[in-house]
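An overview of the molecular structure
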Amino acid sequence: MLSKNIESALNKQIRIEAESSQTYLSMACWAEVQGLEGIAQFMYTQSDEERAHMLKLVKYVNERGGHAQVTDLKAPKTTYSTFKEMFEELYNHELFVSQSINELVHITFEERDYASHNFLQWYVSEQIEEEATAKSILDKINLIGDDKGGLYLFDRDIQQLTVTSSIAINPK
Ligand code: OFO
């Protein structure tokens, strides 16, 4: 059974995961209308992953005697000056999410809710992976600079990352 405090902290995280999904969906739309197909696919997959993270929390809260809350969400921004700016925002957003997961883990520890503490370890590992992916993408973008040919190849190569993460979400 979840304490009220933990239930509310988990619900806060449900909202953050839902907002992350919307943010990446908006990034996918912007990239798609710019003709950046590979980047758009990557962002659509990221958006699906965030929704899956949200649903995992929803199920956990409901199964543990709480009530998962589906709320209104903060609207994400819809345009970006450059794709580099967009990936910087993705990276910063992941840092923010990691911090939020850390705080949540801390609360479960303080309340000695070891079941929730254990459940959240999956999110801790996931954030390590997502931060690393976002950081390595940013490093590549910095290497490309303003080179149009480099952008073309980057947009093509990032599709490979998308294939890898869809396999991770939908293992057959
Ligand atoms: Fe939900 O995994 Fe990153 O944000």
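Cut-offs applied
Residues numbered from 1 in each chain as written. Predicted model: local features only at pLDDT ≥ 70, side-chain atom pairs only at ≥ 80, totals over all residues. Heavy atoms only, no water. Phe/Tyr/Trp six-rings, centres within 6.5 Å; stacked < 30°, edge-to-face > 60°. Helix = DSSP H or I, 4+ residues; strand = E, 2+ residues; numbered from the N terminus. Buried < 20%, exposed > 50% of the residue type's maximum accessible area, 1.4 Å probe, protein only. Lys NZ or Arg CZ within 6 Å of the ring centre and 35° of its normal. Polar contact = N/O pair within 3.5 Å; in protein donor to acceptor, adjacent residues only side chain to side chain. Salt bridge = Lys/Arg side-chain N within 4 Å of Asp/Glu carboxyl O. Axes fitted to C-alpha atoms, helices over the stretch in contact; angles between N-to-C directions. Parallel < 35°, antiparallel > 145°, perpendicular 65-115°, else oblique. Contact = heavy atoms within 4.5 Å. Nonpolar A, V, L, I, M, F, W, Y, C, P; charged D, E, K, R; others polar. Core = buried A, V, L, I, M, F, W, Y, C linked by side-chain atoms within 4.5 Å. Left-handed = near helix turned anticlockwise from the far one by under 90°.

Re the packing of aromatic side chains
Within the structure shown, the criterion is met by eight aromatic pairs. Ring geometry for F87 versus F154: centroids 6.0 Å apart, planes at 85°, classification edge-to-face. Here F87, found in helix 3 (residues 83-110), pairs with F154, found in helix 5 (residues 148-169); they are 67 residues apart in sequence, far enough to count as distant. The two residues F87 and F154 agree in class, both being buried. Measuring from ring centre to ring centre gives 6.5 Å for F109 and Y114, while their planes differ by 75°; the resulting arrangement is edge-to-face. For Y114, a relative accessible area of 49% corresponds to the partly exposed category. A connected cluster of aromatic rings, assembled from ring pairs, spans F42, F83, F87 and F154. Lying over the aromatic face of W122, K56 brings its terminal NZ or CZ to 4.5 Å of the ring centre.

Some details on the side chain of S116
Secondary-structure assignment places S116 in helix 4 (residues 114-144). One polar contact links S116 to Y60, side chain to side chain, over a distance of 2.8 Å.

With respect to the pattern of salt bridges
Taken as a whole and assessed by the stated rule, the structure comprises seven salt bridges. The salt bridge involving E85 is made with K77; its shortest N-O contact spans 3.2 Å. As a salt-bridge pair, K135 and D139 come within 3.1 Å of each other at their nearest N and O atoms. You can see K135 and its partner D139 sitting in helix 4, four residues apart, about one turn around the helix. Taking relative accessible area as the criterion, K135 reaches 37% and is therefore assigned partly exposed.

A short note on the packing of helix 2 (residues 37-63) against helix 4
Look at helix 2 against helix 4: their axes get within 12 Å of each other, and the N-to-C directions meet at 170°. Taken together, the axis directions place helix 2 and helix 4 in an arrangement best described as roughly antiparallel. Across the interface between the two elements, F42, Q46, E49, E50, H53, K56, L57 and Y60 from helix 2 touch A115, S116, F119, W122, Y123, E126, E130, T133 and I137 from helix 4. Considering only residue class, the contact of helix 2 with helix 4 consists of eight nonpolar, four polar and five charged.

Thoughts on the nonpolar core
I39, M43, F83, M86, F87 and F154 are the most contacted members of the largest nonpolar core, which totals 24 residues. Those elements giving two or more residues to this core turn out to be helix 1 (4-33), helix 2, helix 3, helix 4 and helix 5. Not counting the four nearest positions on each side in its chain, M86 is found in contact with M27, W30, A31, I39, M43 and Y80. Listed in part, the 20 residues of the second largest apolar core include A18, Y60, I101 and L104.

Describing the packing of helix 2 against helix 3
For the pair helix 2 and helix 3, interaxial distance at closest approach is 13 Å and the crossing angle is 20°. Here helix 2 lies roughly parallel to helix 3, going by the angle between them. Seen from above, helix 2 lies across helix 3 with left-handed handedness. Seen from helix 2, the contacting residues are I39, F42, M43 and E50; seen from helix 3, they are F83, M86, F87, L90 and E94. In the contact of helix 2 with helix 3, the residues fall into seven nonpolar, no polar and two charged.

Don't take any of this as a statement about function, it's just geometry.
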